[in-house]
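Fold and geometry: a report
Listed below are the residues making up each chain.
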Amino acid sequence: MDGSVDEERRKFEEAKKNLETWKTKAEKADDVKARLILEKLEEDDAKAKAQQEMFACVKKQEECQKEFTQRINAVQDEIEKLGKRRQELLDKLQRYQAELEAKRAESIKLKQKFKIYVQIPDTEVKFRGQNKEELEDNSQPIRGVFAISQRPTVPLQGGQALITFEEETVASQILKIAKCSVSCDSLSVDVKPQTVTMDPAVKFEVHLDVSRKELKVSNIPPSMSDERMKDRLEMSFSRPSRGGGEVESVEYDKNTGTGQITFLHSRVAESLALRGSYHVHLDSEVNVQVGHIYKYQLRKFQTGGDTTPVYPL
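Only a predicted model underlies this, so the values are computations on that prediction, with no experimental measurement involved. (Residues numbered from 1 in each chain as written. Predicted model: local features only at pLDDT ≥ 70, side-chain atom pairs only at ≥ 80, totals over all residues. Heavy atoms only, no water.)

Next up on the list: the overall build of the protein. Scanning the protein from terminus to terminus reveals five helices and eleven strands. By the burial criterion, 18% of the 313 residues in the protein qualify as buried. Contacts in the protein between residues far apart in sequence, at least 24 positions, make up 72% of those at least 6 positions apart. In the form shown here, the protein has an accessible surface area of approximately 25200 Å², with 53% of it arising from carbon and sulfur atoms. (Helix = DSSP H or I, 4+ residues; strand = E, 2+ residues; numbered from the N terminus. Buried < 20%, exposed > 50% of the residue type's maximum accessible area, 1.4 Å probe, protein only. Contact = heavy atoms within 4.5 Å. Areas by Shrake-Rupley, 256 points an atom, 1.4 Å probe, with all protein chains shown as cover.)

Below is the structure:
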């Protein structure tokens with residue numbers, strides 16, 4: 001009897017242990033299940049967030065693509081406008097070049113028409129000394145006035161002669177005669193007077209001023225900035241040991257390599273201009289060309305034609 005009770009008690013204890021074991025396993029399973037459910041919820045949230053971010057990226061990409069397309073179209077339109085503008089400028093340039101060539105041809109034609117080929121005869125020139133006022137004011141330029149006149153010319157053909165009368169009335173009376181008889185040695189020749197229009201005569205004056213205080217400098221190498229070049233030129237031309245003097249102002253043109261030096265005293269510019277060259281110190285010693293500064297004006301320009309009878313022989 002006692003043995004069966006012990007057996008039952010032992011079985012009960014084993015069953016109780018098994019129940020505790022399964023209860024522990026069930027609790028662990030519930031924990032795993034809860035953890036898995038929690039992880040699934042987190043994954044779902046992450047998935048939803050990733051989808052939202054993906055949709056936002058896709059939308060932003062579409063907007064960027066649209067903006068890029070608009071910019072490309074705007075750039076292409078601008079390129080087309082610039083191309084049209086360039087073609088318009090090229091056409092305008094060609095038109096202006098054609099007009100320039102036409103003007104140059106016209107200028108050359110006018111120069112040839114009014115070009116003067118004349119041998120200037122020797123003229124006696126009388127020089128006089130300066131008066132007191134001129135000696136006191138040496139800053140005034142050397143001035144000269146030259147009057148130039150060209151006699152009209154008439155190209156004659158074979159068998160023609162040109163006769164010029166002192167009075168116009170005599171020529172007018174002869175032109176009214178149908179024929180004139182001219183005796184040549186033992187022969188008598190009938191000639192017929194005709195009018196001829198002569199090339200225009202040209203008369204003008206050239207007023208020339210030669211500066212006493214200003215000196216032209218050329219062949220200046222562009223080796224430094226404009227301000228430094230002006231300083232170097234002023235220092236070089238201020239040296240009395242080289243024939244220079246006190247400088248009033250300096251002008252310099254880098255594009256043409258020329259300059260202009262204005263001295264306080266006139267004798268300096270005159271003496272240096274006679275040399276023709278001068279050594280200036282830039283980065284090294286440089287030999288530049290110097291000379292007078294001339295200012296000239298064309299005044300009283302006159303042209304006029306004349307009518308003179310021509311006698312065909």
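Together, D226, E227, D231, E234 and D253 line one region of the surface with negative charge. Residue contributions to the negative patch peak at four residues, all from helix 4 (residues 226-237). Within the secondary structure, D253 sits in strand 7 (residues 247-253). (Patch = residues over 30% accessible without salt bridge, like charges linked within 9 Å, V, L, I, M, F, W, Y side chains within 5 Å. Salt bridge = Lys/Arg side-chain N within 4 Å of Asp/Glu carboxyl O. Lys, Arg positive; Asp, Glu negative; His and termini not counted. Charge placed at Lys NZ, Arg CZ, Asp CG, Glu CD.)

This brings us to the pairing of strand 4 (residues 187-191). Bridge analysis of strand 3 (residues 180-184) against strand 4 gives five bridges, and the strand direction is antiparallel. Along strand 4, the bridge assignment pairs V182 with V189. Two successive antiparallel strands, strand 3 and strand 4, enclose a turn made up of two residues, where D185 displays a positive phi of approximately 55 degrees. (Pairing = 2+ DSSP bridges.)

Moving on, we come to the nonpolar core. In a soluble, globular protein the nonpolar side chains are often hidden away together inside. Counting 22 residues, the largest nonpolar core has L215, L233, F237, I261, F263, V280 and V288 as the members making the most contacts within it. Mapped onto this core, the elements with two or more residues apiece are strand 6 (201-218), helix 4, strand 7, strand 8 (258-263), helix 5 (266-275), strand 9 (277-281) and strand 10 (285-304). In terms of residue count, helix 5 provides more of this core than any other element does, four residues in total. Once residues within four sequence positions are removed from consideration, F237 is found in contact with L215, V217, G244, G245, V247, I261, F263, L272, Y278, V280 and V290. (Core = buried A, V, L, I, M, F, W, Y, C linked by side-chain atoms within 4.5 Å.)

Turning to the side chain of R232, a few remarks are in order. Along the chain, the position of R232 falls in helix 4. Reaching out from R232, the side chain makes a polar contact with the backbone oxygen of L282 at a distance of 2.5 Å. Setting aside residues no more than four positions away along its own chain, R232 makes contact with M224, H281, L282 and D283. (Polar contact = N/O pair within 3.5 Å; in protein donor to acceptor, adjacent residues only side chain to side chain.)

As a working rule, side chains carrying opposite charge can pair if their charged atoms are close by. Enumeration over the complete set of coordinates arrives at nine salt bridges. Residue R212 pairs with E270 through a salt bridge whose shortest N-O separation is 3.8 Å. A residue pair is termed long-range when its members are at least 10 positions apart, and R212 in strand 6 and E270 in helix 5 qualify at 58 residues. Looking at R212, the relative accessible area reads 14%, which means it is buried.

Moving on, we get to unusual backbone geometry. Despite not being glycine, N219 has its phi angle at roughly 60 degrees, a positive value. With respect to the secondary-structure elements, N219 resides in the loop between strand 6 and helix 4.

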